[in-house]
Amino acid sequence: MAGALVTSNDAGLSVPDWPTSFGSIYKMPQMVGGIKYEHSHRMIAEFVGLLTIILAIWTWRAEKRRWLRWLGIAALGTVIVQGVLGGLTVLFFLPAPISSAHAAVAQTFFCIAVAIAVFTGRAWLKEHPRVELDTRRPSLFTLALLSIFVLYVQLLLGAMFRHHGLSWWPHVAHAVVVATVISWTAIRAISVYSNVDAVKRPAVLMLGLMVGQLCLGFFAFIARVMWGHDAAQPELPMVISTVVHVAVGALLLATTVVLAIQVWRHVPVSFEERVPRRSGDPVTV
């Protein structure tokens, strides 16, 4: 949200240097104009980086699951890449590809952090998974992965539009694809696996967030494209609608990741192996 505030207020170069701020690493600049958005964003990023360092060290020392220790390292690596991309965005004067990559890596880090929270949660550690084999094609897990993919594409298209690297219409057109895939995935999960709460809950939340996101996108489009294209500076409705739209998009992506994790655990894909008999007739095992 802090990053979206920077972009929505056109404050990306309010602090013109990096990694210092007006030549200093520790001095607080005057928080006026766009500086209050840009420098606040940097301070929040530093705090997130510190928390991630603690998380990675703590996970590596205390966690017995090796793959989860490496996931903590992945979170740290992602937040480092995120910081470097943010610095390059300033040093190269807001190039759209780097700024969009900065937005995409931020969402990736957020999803990794949410996944770590799921894997270390009490429910994950103590519950006994209720496994139901998925015999449908495409499988629910495939649909969940497809949902993550189309959301990432939508994220990149939206970031390119916000950073003036692309027109608005690819983002709007692809929203139809996102709505179709998300609805397909959520309805399949709710209708077929309503008795598996770990799958049903994120599916219901995902569907609700998608509806809200479409409404927010509509308001953001009106405020930014239809009403605000000739504005001398970003107006409050444009800023609020865009920031909330970005925030709900992040929640939607993270919820979809959680759904994919829970589907992988509770609704594994059923594989059929065909073994030929001596008579030549196949038998399903």
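Calculation criteria
- Residues numbered from 1 in each chain as written.
- Predicted model: local features only at pLDDT ≥ 70, side-chain atom pairs only at ≥ 80, totals over all residues.
- Heavy atoms only, no water.
- Helix = DSSP H or I, 4+ residues; strand = E, 2+ residues; numbered from the N terminus.
- Buried < 20%, exposed > 50% of the residue type's maximum accessible area, 1.4 Å probe, protein only.
- Contact = heavy atoms within 4.5 Å.
- Areas by Shrake-Rupley, 256 points an atom, 1.4 Å probe, with all protein chains shown as cover.
- Lys, Arg positive; Asp, Glu negative; His and termini not counted.
- Charge placed at Lys NZ, Arg CZ, Asp CG, Glu CD.
- Expected span 1.5 Å × (residues − 1).
- Axes fitted to C-alpha atoms, helices over the stretch in contact; angles between N-to-C directions.
- Parallel < 35°, antiparallel > 145°, perpendicular 65-115°, else oblique.
- Left-handed = near helix turned anticlockwise from the far one by under 90°.
- Nonpolar A, V, L, I, M, F, W, Y, C, P; charged D, E, K, R; others polar.
- Patch = residues over 30% accessible without salt bridge, like charges linked within 9 Å, V, L, I, M, F, W, Y side chains within 5 Å.
- Salt bridge = Lys/Arg side-chain N within 4 Å of Asp/Glu carboxyl O.
- Core = buried A, V, L, I, M, F, W, Y, C linked by side-chain atoms within 4.5 Å.
- Polar contact = N/O pair within 3.5 Å; in protein donor to acceptor, adjacent residues only side chain to side chain.

Caption draft 1: View of the overall build of the chain. Scanning the chain for helices and strands turns up nine helices and two strands. Reading the secondary structure of the chain in the N-to-C direction produces α-α-α-α-α-α-α-α-α-β-β. Reported as C-alpha extents along the three principal axes, the dimensions of the chain are approximately 80 × 50 × 35 Å. Taking all 285 residues of the chain together, 44% fall into the buried category. Here the analysis covers contacts within the chain between residues at least 6 apart in sequence; of these, 70% occur between residues at least 24 apart. A total accessible area of about 16000 Å² is found for the chain, and carbon and sulfur atoms account for 69% of it. Within the chain, one finds 22 positive and 14 negative side-chain charges whose respective centroids are separated by 9 Å.

Caption draft 2: Region of interest: helix α7 (residues 169-192). Relative to the 34 Å expected for 24 residues at 1.5 Å per residue, α7 spans 35 Å between its end C-alpha atoms, a close match to the ideal helical length. Burial in α7 covers these residues: P170, H171, H174, A175, V178, A179, V181, I182, T185, A186, R188 and A189. For α7, the elements touching its buried residues are α6 (140-162), α8 (197-227) and α9 (236-266).

Caption draft 3: Structural context of the packing of α7 against α8. Viewed as axis vectors pointing N to C, α7 and α8 meet at an angle of 160°, and their least axial separation amounts to 9 Å. Regarding the angle of α7 to α8, the classification is roughly antiparallel. Once α7 is placed against α8, the crossing between them reads as left-handed. For the pair α7 and α8, the contacting residues are V172, A179, I182, S183, T185, A186, A189 and I190 in the first and V199, A203, V204, M206, L207, M210, L214 and F221 in the second. Of the residues in the contact of α7 with α8, the class split is 14 nonpolar, two polar and no charged.

Caption draft 4: Looking closely at the packing of α6 against α9. Viewed as axis vectors pointing N to C, α6 and α9 meet at an angle of 160°, and their least axial separation amounts to 9 Å. Here α6 is positioned roughly antiparallel relative to α9, judged by the angle of their axes. Handedness of the crossing formed by α6 with α9: left-handed. Across the interface between the two elements, L140, F141, A144, S147, I148, L151, Y152 and R162 from α6 touch T242, V246, L252, L253, T256, V257, A260, V263 and W264 from α9.

Caption draft 5: Molecular detail of a nonpolar patch on the surface. Together, W18, I80, V84, L91 and F92 make up a nonpolar patch on the protein surface, roughly 460 Å² of accessible area in all. By the secondary structure assignment, W18 is in the loop between α1 (2-8) and α2 (35-62). Taking relative accessible area as the criterion, W18 reaches 32% and is therefore assigned partly exposed.

Caption draft 6: Looking closely at the nonpolar core. Counting 41 residues, the largest nonpolar core has L71, F119, V199 and I261 as the members making the most contacts within it. Going through the elements one at a time, α3 (66-91), α4 (96-119), α6, α7, α8 and α9 are the ones with two or more residues in this core. Sort the elements by how many residues they give to this core and α9 lands first, with nine residues. With residues near it in sequence (within four places) discarded, V199 still touches L140, A189, Y193, L259, Q262, V263, H266 and V267.

Caption draft 7: Here's a closer look at the side chain of R224. Mapping R224 onto the fold places it in helix α8. Of the side chains with opposite charge, D10 lies nearest to the buried R224, which makes no salt bridge, at 5.7 Å. Within polar-contact distance, the side chain of R224 engages the side chain of T242 at 3.4 Å.

Caption draft 8: Layout of the side chain of Q107. Tracing the backbone shows Q107 in helix α4. In this structure Q107 comes out as buried when scored by relative accessible area, which is 9%. In contact with Q107, other than residues within four places in its own chain, are Y152, L155, V246, A250 and L253.

Caption draft 9: Main features of unusual backbone geometry. Of note, the amide linkage connecting W18 to P19 takes the cis form, showing an omega dihedral of 10°. By the element assignment, P19 lies in the loop between α1 and α2. The step from R137 to P138 runs through a cis peptide bond, and the omega angle for that step is -5°. Tracing the chain through its elements places P138 in the loop between α5 (122-126) and α6.

Caption draft 10: Quick peek at the environment of A2. Here A2 lies in helix α1. Setting aside residues no more than four positions away along its own chain, A2 makes contact with H41 and I44.

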